[in-house]
Amino acid sequence: MVDTVREIERKYEATAGARELPPLPDLTGVEGVTAVIDQGTALLDAVYYDTAGRRLAADGITLRRRTGGEDAGWHLKLPVAAGVRDEVRAPLGEDIPRRLTALVRSRTRDAELAPVVRIRSERDVHQLLGTDGEPVAEVSVDRVTAERPETGATAQWAEVEAELSPGGDPALLDAVEAALTGAGLRRSAAGSKLARALEETDEKAGKKAKDGKKTKNGKDGKSSKSGKDGKDGKKKSAGKKKTADNKPAKPPKPAARPAGDVVLDYVRKQITALIELDPAVRRDQPDAVHQMRVASRRLRSTFRSYRAVLDRTRTDPLSGELRWLAGELGVDRDREVLTERIHAGLGELERPLLLGPVRGRLRIWSTARRTGSRRRVVALLDGRRYLTLLDDLDDVLAHPPLRPAADRPAEPVLRKAVDRQYRRFAGHLQETFDLAPGPDRDTAIHETRKAAKRTRYAAEVARPVLGREAKDVTSLMREVQDLLGDYQDGVVARAALREIAVQAQAAGEPSFTYGILYAREEARAAELRDRLPRLSRKHL
C-alpha cells in the first residue's frame, strides 16, 4: 500500500555564534493555539538513498527508509513549493518499493540507488492544539547525528521543526515562526536534514561527487547547463568588471546576450518541465499529462523555429521522438476533452430533448476508449524509448549543437525567427479564407492553428529579448489558438456524436438527442468561422 501526505514544514537553527538551541518559548501564546501537549521523545533512524552523483538531492528529492516514530516506512519526498513537499509512503521492507523507484526514474534512469547517509534523531515532540481541541501543528526539537557509510564521516547538530497538521492554515506557521525567532532561533540554511548532512560530512567544503556533479536534468558527470565554454553556457570571467571609479559595472542588457544562450535557456526550461512532470503523470495528478504534452510540443517547436541556432541534424531526430511522446500522451487527454465537451452540451439541453439513456451511452463510449490508457502511459514512461529520449535531451544541454548564428546578438536572430513563423501563420490563415466550408477548410483551419502555436512558442523564446513586442505576439497567437482549438474540438465532436448515434441506434435507443448536439456543433463552427476574419482584421 502506498499513500501520500502533503507536508508543510519549516526548520530552524540557533542564531549565528550560538552553540546550543535556546529553550522553546511558550507556544500557547500563539494565536490559534490553546494548548501544547508534550508527546515525549521518539528515536528515529533513517537511511537515505541516492545515486552516486546525487541526482535526487540535486533536485531537492529525498528517499529514505526510516524506523521509529508513528510513520515508520519508506518515504519519498517530492518538492512542490518552498517548504512544501508531497511525501509518498510505503510499508517497511528491505528493498526499495518499485512504486517509489518508478517515481524517480526520470532522474535516476539506469543509475543504481544506494545508501548515501544515515541520520539518527532524538526527537522531542510537542503537539499544538487549536480552539476545537484538534491538532493544528507539531513542533519538534531534533538532536541529529549523521554518518556517511562510505567514509565514516559524521556530523551532529540540533534543530527545531514546525510542521502544519493536515488541512491546517499555513498562516499558523507564520505565528509560530514569530515566536521561535523571538526566542533566538532563525530559519535553517539547509532545506532538509539530508542536505545539511551531505554538506557537513563532505571531506571538504565544496567537494563534488567523484562521478561528476549532477546539475538539474543532467546525467551524472555531465552538466545540463552547458554552453560552449562549459558549466552554464556563459563565458566565465576572472571577476566582476569595475568602472573607472571602482564601482561594479552594470550587467549587460538582455539584448546583448548571444542568441544561443537565450534559446538554450528556453530549451532547458522545457526539459526541466518534462522531467519534473514525470512523477505527477505517474501519480495521475490533475492536468499533469496535458502539461507534459505541452512541454514536449514547446521543445519540438523550438527546435523547428530556431534551426539557425541549433543544428537540425541533432534536433530533427529528437523532434520526431517528441512528436511520438506528445501523441502517446494525448490519447487519453483528447478523450477527456471530448467527453467533457459532449457532457457540457447535454447539460445545456432542456429535459424534453434528452431522449433515451444518453449519459449512460456517452459513459460507455468514453470508458471503452479509456480502458488500458492509464497502464499504457505508465508503461511508456518506464520504456527504453522514453528514457533514451531523456538521455538525448540531456546531451543537447551538455553538448549544445550550436550553429554560427548562436554567437550573434540575440535580438536580430530571434526577431527573424519569430517573423518567419508569423509569415507562415499568416499564409495558412489566408488559405482558410480562400476555401469553401467543408473538409478541406477544416483541415486548413487545423494547420493554421498549429502554425499559430509554433509562432506563439517562438515568441515565448524571444520574450526575454524582444520584451513587449514578443508578449503581444504571444497573446495574439494564444487568442487565435483558442478560437481555432474550439473549432477543431467541434470537428472531432461531430465525428464522435455520429459514432455514438450509430451505436445507440444499433442498441435500439433513440438517436434524436445526438442529432441535436450535432446541429449545435455545426452552428458553433459557423460562428467561429465568422469570428476569425474579424480577429484577423483587428490584429493582423
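Keep in mind that this is a model prediction, so the values were computed, not measured.

Q: Explain the overall build of the chain here, please?
A: Helices and strands together make up the secondary structure of the chain, namely 15 helices and nine strands. Within the span of the chain, comprising 540 residues, buried residues form 47% of the whole. Counting contacts in the chain only where the partners sit at least 6 residues apart, residues at least 24 apart contribute 71% of the total. Split by element, the accessible area of the chain, about 27,100 Å² in all, is 50% carbon and sulfur.

Q: Whenever I open this one, the packing of aromatic side chains confuses me. Can you help?
A: Any pair of aromatic rings gets described here by the distance separating the centres and the angle formed by the planes. The final tally for this structure, using the stated rule, is two aromatic pairs. With centroids separated by 5.3 Å and ring planes inclined at 50 degrees, the aromatic side chains of Y49 and W74 adopt a geometry described as tilted. With Y49 in strand β2 (residues 35–50) and W74 in strand β4 (residues 73–81), the pair connects residues that are 25 residues apart, well separated along the chain.

Q: What is the right way to read the confidence of the model for the chain from this model?
A: Detail in the predicted coordinates should be disregarded across regions flagged by low pLDDT. Put simply, the chain has an average pLDDT of 87, and 88% of its residues get 70 or more. With pLDDT under 50 throughout, residues 204–245 is counted as low confidence; its partners more than four residues away or in other chains account for 83 contacts.

Q: What should I look at first to understand helix α13 (residues 439–466) in this one?
A: Since one α-helical turn is 3.6 residues long, residues separated by three or four positions face the same way. Between the first and last C-alpha of α13 there are 38 Å, a value that for 28 residues agrees with the 40 Å anticipated at 1.5 Å per step. Taken as a whole, α13 carries its principal kink of about 35 degrees at E460; the proline P464 stands between one and four residues after it. The buried fraction of α13 amounts to 20 of the 28 residues, a majority that puts the element mostly inside the structure. Immediately beyond the C-terminal end of α13, within one or two residues, lies G467, with a positive phi of roughly 60 degrees.

Q: What exactly am I supposed to notice about the environment of S165 here?
A: Looking at where S165 falls in the secondary structure, it is placed in the loop between β8 (154–164) and α4 (171–182). A residue is classified by how much of its surface remains accessible, and S165, at 14% relative accessible area, is buried. With 28 residues separating them in the primary sequence, S165 and A137 have C-alpha atoms 4.7 Å apart. Once you skip the residues sitting within four places of it in the chain, S165 turns out to touch P135, V136 and A137.

Q: Honestly, the nonpolar core in this entry has me stumped. Any pointers?
A: Within soluble globular proteins, side chains that are nonpolar generally end up buried alongside one another. If you look at the biggest cluster of nonpolar residues, it comprises 66 residues, and the most contacted ones within it are Y306, Y386, L393 and L414. With twelve residues, helix α6 (residues 259–282) is the largest single contributor of residues to this core. Those residues in contact with Y386 that sit more than four places away from it in its chain are S106, L274, D278, M292, W324, L325, L380 and L381. Counting 19 residues, the second largest nonpolar core, distinct from the first, contains Y12, L21, V176 and L185.

Q: Even after reading the chapter, I still don't get the packing of helix α12 (residues 410–433) against helix α14 (residues 468–506), so can you show me in this structure?
A: Angle between the axes and distance between the axes: these two values describe a pair of packed helices. Interhelical geometry of α12 versus α14 gives an angle of 25 degrees and a closest axis separation of 12 Å. Compared by their axis directions, α12 and α14 come out roughly parallel. In terms of crossing hand, the pair formed by α12 and α14 is left-handed. In this structure, α12 uses R415, V418, Y422 and F425 to contact α14, whose residues at the interface are E469, V473, L476, M477 and V480. Tallied by class, the residues present in the contact of α12 with α14 amount to seven nonpolar, no polar and two charged.

Q: Would you mind going over the pattern of salt bridges with me for this structure?
A: A side chain of one charge can pair with a side chain of the opposite charge when the charged atoms of the two come close. Summed over the entire model, instances satisfying the criterion amount to 56 salt bridges. Where D391 meets R109, a salt bridge forms, and the shortest distance between an N and an O atom there is 2.6 Å. Note that D391 is positioned in helix α11 (residues 384–398) and R109 in the loop between α3 (105–108) and β6 (114–129), a separation of 282 residues in sequence. In terms of burial, D391 and R109 fall into one category: buried. R415 is paired through a salt bridge with E411; the nearest N and O atoms lie 2.5 Å apart.

Q: Just to check I follow, could you spell out the side chain of E9 for this structure?
A: Structurally, the position occupied by E9 is in strand β1 (residues 3–14). For E9, a relative accessible area of 8% gives the class buried. Setting aside its immediate chain neighbours within four residues, E9 contacts G83, R85, E161, A162 and E163.

Q: Help me understand the side chain of T201 in this model?
A: Note that T201 resides in helix α5 (residues 193–201). A polar contact of 3.1 Å, which involves the side chain of T201, links it to the side chain of R148. A distance of 2.5 Å separates the side chain of T201 from the backbone oxygen of A197, its partner in a polar contact.

Q: I keep staring at a positive patch on the surface and nothing clicks. Help me out?
A: Positive charge collects at one region of the surface, where R300, R304, R323, R403, R408, K416, R423 and R424 lie side by side. Elements with a minimum of two residues in the positive patch: α7 (288–305) and α12. A total of three residues in the positive patch trace back to one element, the largest contributor, which is α12. With respect to the helices, strands and loops of the structure, R424 is situated in helix α12.

Q: Teacher, can you tell me more about unusual backbone geometry here?
A: Most peptide bonds are trans, and most residues other than glycine sit at a negative phi. At R54, a residue that is not glycine, the phi angle is positive and equals roughly 60 degrees. Residue placement: R54 occurs in the loop between β2 and α1 (55–58). A relative accessible area of 18% means that R54 is categorised as buried.

Q: I tried to follow the pairing of β6 on my own but got confused; where do I start?
A: Each regular strand shows side chains that alternate between the opposite faces of the sheet. Of the strand pairs in this sheet, β2 and β6 are connected by 15 bridges, and their pairing is antiparallel. Pairing of D38 across the sheet is with H126, part of β6. Relative to strand β7 (residues 135–147), β6 is paired through twelve bridges, and the arrangement is antiparallel. If you follow Q127 over to β7, its bridge partner there is E138. What sits between β6 and β7 in their antiparallel hairpin is a turn of five residues, with G133 showing a positive phi close to 80 degrees.

Scoring rules and cut-offs
- Residues numbered from 1 in each chain as written.
- Predicted model: local features only at pLDDT ≥ 70, side-chain atom pairs only at ≥ 80, totals over all residues.
- Heavy atoms only, no water.
- Helix = DSSP H or I, 4+ residues; strand = E, 2+ residues; numbered from the N terminus.
- Buried < 20%, exposed > 50% of the residue type's maximum accessible area, 1.4 Å probe, protein only.
- Contact = heavy atoms within 4.5 Å.
- Areas by Shrake-Rupley, 256 points an atom, 1.4 Å probe, with all protein chains shown as cover.
- Phe/Tyr/Trp six-rings, centres within 6.5 Å; stacked < 30°, edge-to-face > 60°.
- pLDDT = per-residue confidence, 0-100.
- Expected span 1.5 Å × (residues − 1).
- Bend = angle between axes of the 7 residues up to and from the residue.
- Core = buried A, V, L, I, M, F, W, Y, C linked by side-chain atoms within 4.5 Å.
- Axes fitted to C-alpha atoms, helices over the stretch in contact; angles between N-to-C directions.
- Parallel < 35°, antiparallel > 145°, perpendicular 65-115°, else oblique.
- Left-handed = near helix turned anticlockwise from the far one by under 90°.
- Nonpolar A, V, L, I, M, F, W, Y, C, P; charged D, E, K, R; others polar.
- Salt bridge = Lys/Arg side-chain N within 4 Å of Asp/Glu carboxyl O.
- Polar contact = N/O pair within 3.5 Å; in protein donor to acceptor, adjacent residues only side chain to side chain.
- Patch = residues over 30% accessible without salt bridge, like charges linked within 9 Å, V, L, I, M, F, W, Y side chains within 5 Å.
- Lys, Arg positive; Asp, Glu negative; His and termini not counted.
- Charge placed at Lys NZ, Arg CZ, Asp CG, Glu CD.
- Pairing = 2+ DSSP bridges.

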